[in-house]
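The chain contents come next:
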Amino acid sequence: MRVGAFIALSAMSALTPCAAGAAGDSERGRTIAETWCVSCHARQSDQTAIDAAPSLSAIQERPDLTPDRLRTWLADPHPPMPNLNLTRQEIEDLVAYLRRPD
Ligand code: HEC
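Rules of the game
Residues numbered from 1 in each chain as written. Predicted model: local features only at pLDDT ≥ 70, side-chain atom pairs only at ≥ 80, totals over all residues. Heavy atoms only, no water. Donors = N, O, S within 2.8 Å, 3.2 Å for Na, K, Ca; no water. Tetrahedral: all angles 85-135°; square planar, octahedral: opposite > 155°, others 65-115°. Helix = DSSP H or I, 4+ residues; strand = E, 2+ residues; numbered from the N terminus. Buried < 20%, exposed > 50% of the residue type's maximum accessible area, 1.4 Å probe, protein only. Near = heavy atom within 4 Å. Polar contact = N/O pair within 3.5 Å; in protein donor to acceptor, adjacent residues only side chain to side chain. 1 Å grid on protein atoms, 1.4 Å probe; cavity = no way out; pocket = protein on both sides within 12 Å on 5 of 7 lines; lining within 4 Å. Sits in = over half its atoms within 2 Å of the grid points. Nonpolar A, V, L, I, M, F, W, Y, C, P; charged D, E, K, R; others polar.

## Some thoughts on the coordination of the iron atom of the ligand
For the iron atom of the ligand, the protein coordination sphere consists of H41 (NE2) and M81 (SD), at 1.9 to 2.0 Å. Angles of 87 to 178° at the metal separate the six donor atoms of the iron atom of the ligand, which places the site in the octahedral class. Residue H41 is located in the loop between α2 (26-37) and α3 (56-61), and its partner M81 is located in the loop between α4 (67-75) and α5 (88-98); the two are separated by 40 residues in the primary sequence. Comparing H41 with M81, the two get one shared label, buried.

## Some details on the site of the ligand
As a matter of local geometry, the ligand sits amid 20 residues, with C37, C40, H41, R69 and M81 nearest to it. At a separation of 2.8 Å, an oxygen atom of the ligand approaches a polar side-chain atom of R69. When atoms are counted within 2 Å of each cavity's grid points, the one that captures over half of the ligand is the largest pocket. The greatest single-element share of the shell around the ligand, amounting to four residues, is contributed by α4. In the shell around the ligand, the residues fall into 16 nonpolar, two polar and two charged.

Nothing here speaks to function; it is all geometry.
Here it is as structure tokens:
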């Protein structure tokens, strides 16, 4: 009995963070960026990954890259950046991470 109740409780607490809605999570965005983007986009302006790609910090500071433009770009980037087939949730997480801090 006790063991069963313990398992039920742990299962509930493990599920709670997943209940977050569609809003972007910048921490998840950072993880996605560090997994999928840093092979081309360096993290900081003074580092280079590949020359053609702006660094992630340069992207964060570009005033023209509004959340809407980021969404559009990430859903359908043009060459030389490949389409990474991101889900809508991944795009929202990346937008939360990459948008200009207010
Ligand atoms: C294979 C290399 C590569 C990967 C992987 C890649 N990019 Fe890019 N990205 C580029 C290049 C090259 C450009 C510059 C395109 C240009 O200036 O025309 C670019 C441009 C961009 C821009 C600027 C768009 C604009 O309007 O100027 C954003 C934002 C961006 N990438 C975000 C990302 C994110 C977020 C990821 C990871 C999910 C990612 N990229 C993964 C190569 C890559």
